Amino acid sequence: MAYKAKDKETVNLIESFQEFNSEKSIDKATLVSVLEECFRNVITKIYGTDENYDIIVNPDKGDFEIYRNRTVVADGEVKDENREISLSDAQVIDPDYELDEEVSERIPFKSFGRRAILTLRQTLASRILELEHDTLYNQYKDRVGEVIGAEVYQNWKRETLLLDDDGNELTLPKSEQIPGDYFRKGETARAVILKVENTSGTPRIVLSRISPEFLQRLMEAEVPEINDGLITIHRVARIPGERAKVAVESYDERVDPVGACVGVHGSRVHGIVRELHGENIDVINYTSNPQLFVARALSPARVNKVELNEEGKKADVYMDSDQVSLAIGKGGANIKLASMLTGYTIDVYRETAEEEIDDVSLDEFTDAIEPWIIEELKKIGFVTARQVLGAPKEILIKEADLEEETVDEVLRVLAAEFE
């Protein structure tokens, strides 16, 4: 574009407008409105009013025009030079002007002075920034709970900065990352939009990978029956990176909700488990019966009876001794997740069989079994010999993290006590 007829300051302003128009995602109507508003603010600061000015902005041509409208008065009677012009001066512009007519005169912006031009540029930059913030906030405020993939831009001690497809900054705090998360610059990371803050007009889009909603959205994407409305995810509880429980319900009796969500040989959750760094996902059937729901939530343990205290949201659960360790889980993870899923504080009680009256504490075997092995067994809920003998060997190996040979020797020693 040629700028021969324009002064240097005007050229700089026009280039600024073109830059904003091309680089900032702002529609033309809004851009014109902002530019006009900025011009009027400058004029009002100088003259106290902008009522007698017409401003024409053409962003396509990168041009603008300012016209001042003044009323023709007799020579010597001009009281407000901004609003009035003498007859002699008006006739210099056009000899046909007469008293009381309105003169519309184009004003070069440089006539307002360099300070006005600087003020205009600063005001314009400020307003454009406000518009960008408003646009970003409006773009994301209704997307909370949606999974997004974004490019990792920078890793800091307390958070990771990501960029969306439009270059907007998204924040993934360390506290919202799964233990073991490690992101390389340039790779794509997935997370759920946790919240959109707008403090002091500056939007902040916060992401999360530990939110239960993140797991729920991943499952919705992997299981077509959920997307089709045949299966509903009612509740999700997570210990990020370790284990999760998901309660699902089918609205079609022909569809097994648990089987559909897990897939053949776990095919539908494999990808999710990888995304969540090996997080074990237990899928259970949801029920509106709270006692049955508590019992199911404690799976794989078998429950004999559940007593609820609705006022205190507590559940007393009774089960055979050999089921207690399963209910509690390694490090208490299973019972913790069951409580999170159901909303009840769960207490587990053993129902002791008559033959267990003569049971023996594991602490009595320290001369035959290494103390550290006994401690590992106690950590997963076993405190007596009969409890260990009544538990499946696979559970002892997996939950206590013991070698099979070690478990066989422990069982041999304990069994000998009752022979």
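Residues numbered from 1 in each chain as written. Predicted model: local features only at pLDDT ≥ 70, side-chain atom pairs only at ≥ 80, totals over all residues. Heavy atoms only, no water.

A. A look at the overall build of the protein chain. Of regular secondary structure, the protein chain possesses 15 helices and 15 strands. In terms of C-alpha radius of gyration, the protein chain reaches 37 Å, well past the compact-globule figure of 22 Å for 419 residues. Expressed as lengths along the three principal axes of its C-alpha atoms, the size of the protein chain is roughly 130 × 40 × 40 Å. Here the analysis covers contacts within the protein chain between residues at least 6 apart in sequence; of these, 56% occur between residues at least 24 apart. Across the protein chain, the 51 positively charged side chains and the 84 negatively charged ones have centroids separated by 4 Å. (Helix = DSSP H or I, 4+ residues; strand = E, 2+ residues; numbered from the N terminus. Rg over C-alpha atoms; globule rule 2.2 N^0.38 Å. Contact = heavy atoms within 4.5 Å. Lys, Arg positive; Asp, Glu negative; His and termini not counted. Charge placed at Lys NZ, Arg CZ, Asp CG, Glu CD.)

B. Fine view of unusual backbone geometry. With an omega dihedral of 15°, the bond running from Ser299 to Pro300 counts as a cis peptide bond. If you check the backbone angles, Asp100 has positive phi at about 70° while not being a glycine. In this structure, Asp100 sits in the loop between helix H3 (87–93) and strand S4 (102–106). Owing to a relative accessible area of 67%, Asp100 belongs among the exposed residues under this scheme. One non-glycine residue with positive phi stands out, namely His265, at about 55°. With respect to the helices, strands and loops of the structure, His265 is situated in the loop between helix H7 (257–262) and helix H8 (267–275). (Buried < 20%, exposed > 50% of the residue type's maximum accessible area, 1.4 Å probe, protein only.)

C. Seen up close, the pairing of strand S7 (residues 169–173). Counting buried residues along S7, four of its five residues qualify, which places the element largely inside the surrounding structure. Two elements, strand S6 (residues 159–163) and S7, share five bridges in a ladder whose sense is antiparallel. If you follow Thr160 over to S7, its bridge partner there is Leu172. The antiparallel hairpin formed by S6 and S7 contains five residues in its connecting segment, where Gly167 sits at a positive phi of about 85°. (Pairing = 2+ DSSP bridges.)

D. Examining the packing of helix H5 (residues 212–222) against H8 more closely. Across the interface, H5 lies against H8 with an axial gap of 10 Å and an inter-helix angle of 145°. The handedness of the crossing between H5 and H8 comes out as right-handed. On the side of H5, the interface is formed by Phe214, Leu215, Leu218, Met219 and Glu222, while H8 contributes Arg268, Ile272 and Glu275. Within the contact of H5 with H8, the residues separate by chemical class into five nonpolar, no polar and three charged. (Axes fitted to C-alpha atoms, helices over the stretch in contact; angles between N-to-C directions. Left-handed = near helix turned anticlockwise from the far one by under 90°. Nonpolar A, V, L, I, M, F, W, Y, C, P; charged D, E, K, R; others polar.)

E. Broad picture of the sheet that holds strand S12 (residues 280–285). The strand order across the open sheet built from three strands is S10-S11-S12, with neighbouring strands paired in mixed fashion. Lying at the two open borders of the sheet, with one neighbouring strand each, are strand S10 (231–239) and S12. The mean inter-strand angle of the sheet, taken between neighbouring strand axes irrespective of direction, is 20°. Along the sheet, helix H11 (residues 333–342) contacts S10, strand S11 (243–250) and S12; its crossing angle with S10, the most-contacted strand, is approximately 135°.

F. Just the environment of Gln177, in detail. By the element assignment, Gln177 lies in the loop between S7 and strand S8 (188–199). Given a relative accessible area of 8%, Gln177 falls into the buried group. Distance from Gln177 to Leu411, taken between C-alpha atoms, is 41 Å for residues 234 residues apart in sequence. Residues in contact with Gln177, not counting those within four places in the same chain, are Glu159, Thr160, Leu172, Phe183 and Ile210. A distance of 3.2 Å separates polar atoms of two side chains, one belonging to Gln177 and the other to Thr160. (Polar contact = N/O pair within 3.5 Å; in protein donor to acceptor, adjacent residues only side chain to side chain.)

G. The arrangement of the side chain of Arg40 in detail. Relative to the elements of secondary structure, Arg40 occurs in helix H2 (residues 28–47). The class of Arg40 is buried, set by a relative accessible area of 19%. In contact with Arg40, other than residues within four places in its own chain, are Asp50, Tyr53, Asp54 and Ile55.

H. How the structure looks around the layout of surface pockets. Of the voids in this model, the second largest pocket is the one considered here, and its volume is about 370 Å³. Contributing to the lining of the second largest pocket are 14 residues, with Arg243, Asn280, Lys330, Lys398 and Glu399 lying nearest its centre. For the lining of the second largest pocket, the secondary structure elements donating two or more residues are S12, helix H10 (321–328) and helix H14 (393–399). For the lining of the second largest pocket, the element with the highest residue contribution is H14, accounting for three residues. Along the lines of polarity and charge, the residues of the lining of the second largest pocket split into four nonpolar, four polar and six charged. (1 Å grid on protein atoms, 1.4 Å probe; cavity = no way out; pocket = protein on both sides within 12 Å on 5 of 7 lines; lining within 4 Å. Points joined across faces, edges and corners; volume = space filled by probe spheres on them.)

I. Focus on the sheet that holds S8. Pairing within the closed barrel is mixed, and its five strands lie in the order S5-S6-S7-S9-S8. The average angle at which neighbouring strand axes cross in this sheet is 55°, direction not considered. Strand contacts of H5: strand S5 (147–155), S8 and strand S9 (202–208), with the helix running at about 130° to S8, the strand carrying the most contacts.

J. Seen up close, helix H12 (residues 371–379). By the burial criterion, the buried members of H12 are Ile373, Ile374 and Leu377. In an axial view of H12, the angular spread of the buried residues amounts to 100°, which keeps them on one side of the axis. Phi turns positive one or two residues past the end of H12, at Gly381, with a value near 105°. (Arc of directions from axis to C-beta.)

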